[in-house]
Amino acid sequence: MEMLGKFISSVREKTPLVHHITNYVTVNDCANITLCIGASPVMAHAEEEVEEMVSMAGALVLNIGTLDSQQITRMFLAGKAAGKLGLPIILDPVGAGATSFRTKTAQRMIQELPISVLKGNAGEIGTLAGIQAEVRGVDSGGMSGDPVEITRILAERLGSTVVMSGVIDVVSDGNCIMQCENGHPFMGRLSGTGCMAASIIGACAAVFSDYLRSSAAGITAFGIAGERAAADAAGPGSFKYRLFDHMATVTGDDVNQYGRVRVL
Amino acid sequence: MEMLGKFISSVREKTPLVHHITNYVTVNDCANITLCIGASPVMAHAEEEVEEMVSMAGALVLNIGTLDSQQITRMFLAGKAAGKLGLPIILDPVGAGATSFRTKTAQRMIQELPISVLKGNAGEIGTLAGIQAEVRGVDSGGMSGDPVEITRILAERLGSTVVMSGVIDVVSDGNCIMQCENGHPFMGRLSGTGCMAASIIGACAAVFSDYLRSSAAGITAFGIAGERAAADAAGPGSFKYRLFDHMATVTGDDVNQYGRVRVL
Amino acid sequence: MEMLGKFISSVREKTPLVHHITNYVTVNDCANITLCIGASPVMAHAEEEVEEMVSMAGALVLNIGTLDSQQITRMFLAGKAAGKLGLPIILDPVGAGATSFRTKTAQRMIQELPISVLKGNAGEIGTLAGIQAEVRGVDSGGMSGDPVEITRILAERLGSTVVMSGVIDVVSDGNCIMQCENGHPFMGRLSGTGCMAASIIGACAAVFSDYLRSSAAGITAFGIAGERAAADAAGPGSFKYRLFDHMATVTGDDVNQYGRVRVL
């Protein structure tokens, strides 16, 4: 069992700035969850400032949930700047596999940008791994093959950390594989939990360059918050506000004590 | 009394994909309410993918709440694609009557796109019916004339279902007229309830092509959720999270038992 | 002690329309808080309608939180129209001082538009006052110099009301100085409270052209709501929904009774 708590306590101490270029559906939730984990969110996309804003940040989160051509330009500009500075880039390829526009854009991003963490659902990660996978809108359909092996192989090929979210999240850097088992089914009934997970990973990656463990720590902390939020939640609305409440109080010790992370 | 419960239970069974091109003010609420009714939301607007995304969906919701010229192009692209596929299109002409830009765009949409359900407040529907009506910002002012007759005549003229929202919602396909009486004044004190109603109608229309009844079923289910959410709500903030909680649990049986729908 | 309650009760009586051109991160919160104070929000940005929408409104709120070049054009179009009509313009220069793009745009706005109320944090106001100030992302870092004097001098120079938000908010029209002490630390842990404050100021400025006092009244009412929301809040999620609940019930009498406003 890995002791991942220090990643969470470090975020709360260092309050890194997490720069997002993300979709307009869940952007407010991303901002607030970033504050809850103890980091500071900024959303900025203009060509005129995106590189300057990146230079201030500790991590860059790119999320293609409401992609268009103008946003691609901006994401590459920000991504190149982050690359030059050695900043971790977290990519959430929302809907890759649903349309060829998203698939191709996500493929270009993993090829041309130094992505540190690629986080998606089974359909998205399967698509980018070149496996037969199904994505309907922004939801994962089925995927053929073994999630653990697909995650590991894609991570190895990219030289990045890959996170395949699901009931059990799989995290791999191509070498080590971790399975993170915290979380609650309610998280799948709320729009934006995947996007929020990427924000949290960004906050953790900003303070530790061990992206495998910072990803596992982030999603474990988020999963613990989800479990606590689900207790007594009457439905998705009360679950949501409670998720923020609990994310704001999960400590490094909680992650060490309640985290269910298996190293394969 | 119509038995409309089957529309709701069908949505929960079939989980249709509801494609939205909508405003950036209430888009998160639209996504979450779509999940609560048991459907799956997707928001996508890029010219490069909008037709491909439509081809996956069960319904298309167009909402002009934060309209601009680029969005018009995208809405027509999506709308034409939906039309070819026989997909229901739900149009929410937010602010028609407030500015000539919105009025003209909404008029063009009902003329050039095969709208299945046009849903607006009295001012918006009155404006599109050519009646003296007042819209201030995105709120309905007064309207001269009989809401029931205006709704019916506009529906007849368009060959579509028209929903005029209000304390009592009027739904007509030009022939049959229904009055839906569920709901609560709190719904008017929260931004986005009108937009959410359109998402719910979209989910229902995706599973039954009887758009008159799927519209009435959707707004009735939403109204019941609103009534339940308002009980014990301390204000608009607690009403909002409770609205999602209750929308997630309203059943077809609830609609049959608690729905107050009068066929005129 | 100023009696500022009448500003709040007037908003609730007159329900002014508050036109926003704002960021896509917190726009939903701005819409809902505007409803809670008793006003009516509208968000519209298209070149084709922005002047017509302004002509219907009681105030214009400009917020550069997710600025880009297209939005600048739109803001100037709306701002010039508001100026011609004598409408109050509230400017929230989010992130001025963080990037030169935001700094320069905010400087151009205060020079070329008849801003009635400029509201920002210490870093933003300090930057615009030409003081050594630090802004990290959209958060205020430090600032050298006396907040009260900087606020007063900038207000005098601009001929506007300036609000520097902080633990104690400073409001000045260049002549009179007020310190508003209501509020709660929770407000700093939630994304968008600054943006919401600008919406509330907009609502108050729409009904009284005494912008010094309408600003002080608005942030005092908001601060009282924040204090009430924080009592028993388990975290930022429950604080947030309670903030809307309490904003909806703060009365003019509450402001007179519980407001802590000192005139220096």
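Given the structure is predicted, the values throughout are model-derived calculations rather than measurements.

Definitions and limits used
Residues numbered from 1 in each chain as written. Chains lettered and ligands numbered in written order. Predicted model: local features only at pLDDT ≥ 70, side-chain atom pairs only at ≥ 80, totals over all residues. Heavy atoms only, no water. Contact = heavy atoms within 4.5 Å. Buried area = accessible area lost by both parts, 1.4 Å probe. Salt bridge = Lys/Arg side-chain N within 4 Å of Asp/Glu carboxyl O. Polar contact = N/O pair within 3.5 Å; in protein donor to acceptor, adjacent residues only side chain to side chain. Helix = DSSP H or I, 4+ residues; strand = E, 2+ residues; numbered from the N terminus. Nonpolar A, V, L, I, M, F, W, Y, C, P; charged D, E, K, R; others polar. UniProt positions renumbered as here; feature names shortened; annotations may be inferred. Buried < 20%, exposed > 50% of the residue type's maximum accessible area, 1.4 Å probe, protein only. Pairing = 2+ DSSP bridges. Axes fitted to C-alpha atoms, helices over the stretch in contact; angles between N-to-C directions. Least-squares fit on C-alpha atoms with pLDDT ≥ 70 in both.

Observations regarding the interface of chain B and chain A
With 27 residues of chain B in contact, the opposing surface of chain A contributes 29 residues. Here chain B and chain A share an interface that buries about 2,300 Å² over both sides, 54% of which is from carbon and sulfur atoms. Summed over the shared surface of chain B and chain A, the result is 2 salt bridges. Across the pair Glu49 of chain B and Arg102 of chain A runs a salt bridge, and its minimum N-O distance is 2.8 Å. Across the contact surface, chain B and chain A share 15 residue pairs in polar contact (both at pLDDT 80 or more). It is helix α2 (residues 27-36) of chain B that contributes the most residues to the side of chain B that touches chain A, 6 residues altogether. Broken down by class, the residue content of the side of chain B that touches chain A amounts to 17 nonpolar, 5 polar and 5 charged.

Overview of the UniProt feature "binding site: substrate" (unreviewed entry) in chain A
The UniProt record annotates "binding site: substrate" (unreviewed entry) at Met43 and Gly192 of chain A. Looking at the secondary structure, you find Met43 of chain A in strand β2 (residues 40-43). Classification of Met43 of chain A by relative accessible area gives buried; the value is 5%. The residues touching Met43 of chain A, leaving out its near neighbours within four places in the chain, are His20, Val27, Cys30 and Ala31 of chain A together with Val25, Gly65, Thr66 and Arg102 of chain C.

With respect to the side chain of Ser199 of chain A
Residue and element names in this part refer to chain A. Tracing the sequence through the fold places Ser199 in helix α8 (residues 193-207). Classification of Ser199 as buried rests on a relative accessible area of 0%. Of the polar contacts made by the side chain of Ser199, one reaches the side chain of His20; its length is 2.8 Å. Ignoring anything within four residues of it in the chain, the contact list for Ser199 reads Val18, His20, Cys30, Ile33, Thr34 and Val61.

Quick notes on the pattern of salt bridges
Think of it this way: side chains of opposite charge can pair up when their charged atoms draw near. In the structure shown here, the tally under the stated rule is 36 salt bridges over all chains. Note that Lys240 of chain C and Asp29 of chain C form a salt bridge whose closest N and O atoms lie 3.2 Å from each other. Of the two residues, Lys240 of chain C sits in helix α10 (residues 236-247) while Asp29 of chain C sits in helix α2 (residues 27-36), which places them 211 residues apart along the sequence. Residue Lys240 of chain C is classed as buried on the basis of its relative accessible area of 16%. Owing to a relative accessible area of 3%, Asp29 of chain C belongs among the buried residues under this scheme. Through salt bridges that share partners, Glu47 and Arg74 of chain A together with Asp68 of chain C make up one connected network.

Section: the sheet that holds strand β5 (residues 117-121) of chain C
All names here are of chain C. Strand order in the open sheet formed by 9 strands is β2-β1-β3-β4-β5-β8-β9-β10-β11, with mixed pairing between adjacent strands. With partners counted over all chains shown, the strands left at the sheet margins are β2 (40-43) and β11 (261-263), one partner each. Within this sheet the neighbouring strands show an average axis-to-axis angle of 20 degrees, counted without direction. Pairing between β5 and strand β8 (residues 161-165): 5 bridges, direction parallel.

As for the interface of chain A and chain C
In this complex, chain A contributes 27 residues to the contact, which on the side of chain C involves 29 residues. For the pair chain A and chain C, the two sides together bury roughly 2,300 Å², of which 54% comes from carbon and sulfur. Listing elements by their share of the side of chain A that touches chain C, those giving two or more residues are α2 (27-36), β2, α3 (50-54) and α10 (236-247) of chain A. At 6 residues, the largest contribution of residues to the side of chain A that touches chain C is made by α2 of chain A. Along the lines of polarity and charge, the residues of the side of chain A that touches chain C split into 17 nonpolar, 5 polar and 5 charged.

Observations concerning the relation of the copies chain B and chain A
Its rotation angle being 120 degrees, the transformation that places chain B on chain A also includes 0.0 Å of axial translation and leaves an RMSD of 0.0 Å. What the rotation and shift describe, once combined, is the action of a three-fold rotation axis. Among all C-alpha atoms of chain B, that of Tyr24 of chain B lies closest to the rotation axis, at 3.7 Å. Residue by residue, only 7% of the interface of chain B is reproduced at the interface of chain A, so the copies engage with different surfaces.

Things to note about the pairing of strand β3 (residues 59-63) of chain B
Residues and elements named next belong to chain B. Counted residue by residue, β3 has 5 buried out of 5 residues, so it is predominantly covered. Residues Ala59, Val61 and Asn63 line one face of β3 and the alternating positions Leu60 and Leu62 line the opposite face, and both faces are buried. Direction of pairing for strand β1 (residues 17-21) relative to β3: parallel, over a ladder of 4 bridges. Residue pairing in the sheet places His20 in a bridge with Val61 of β3. Here 4 bridges tie β3 to strand β4 (residues 89-92), and the two strands are oriented parallel to one another. Opposite Val61, over in β4, you have Ile90 as the bridge partner.

Here's the deal with the relation of the copies chain A and chain C
With an axial shift of 0.0 Å and an RMSD of 0.0 Å, the rotation relating chain A to chain C amounts to 120 degrees. Different-surface contact between copies: only 7% of interface residues of chain A are shared with the interface of chain C.

Focus: the sheet that holds strand β4 (residues 89-92) of chain A
Residue and element names in this part refer to chain A. Reading across from one edge, β2-β1-β3-β4-β5-β8-β9-β10-β11 is the order of the 9 strands in this open sheet, with mixed pairing throughout. The outermost strands of the open sheet, each flanked by one partner alone, are β2 and β11 (261-263). Geometrically, the sheet is characterised by an average inter-axis angle of 20 degrees between neighbouring strands, direction not taken into account. Strand direction decides the pairing type here: strand β9 (residues 169-172) and strand β10 (residues 177-180), joined by 4 bridges, are antiparallel. From the neighbouring strand, Val170 faces β10, where its bridge partner is Gln179. Where helix α4 (residues 69-85) meets the sheet, it contacts β1 (17-21), β3 (59-63) and β4, and its direction lies at approximately 155 degrees from that of β3. The strands touched by α8 within the sheet are β1, β3, β4, β5 (117-121) and β8 (161-165), with β4 carrying the most contacts at an inclination of about 170 degrees.

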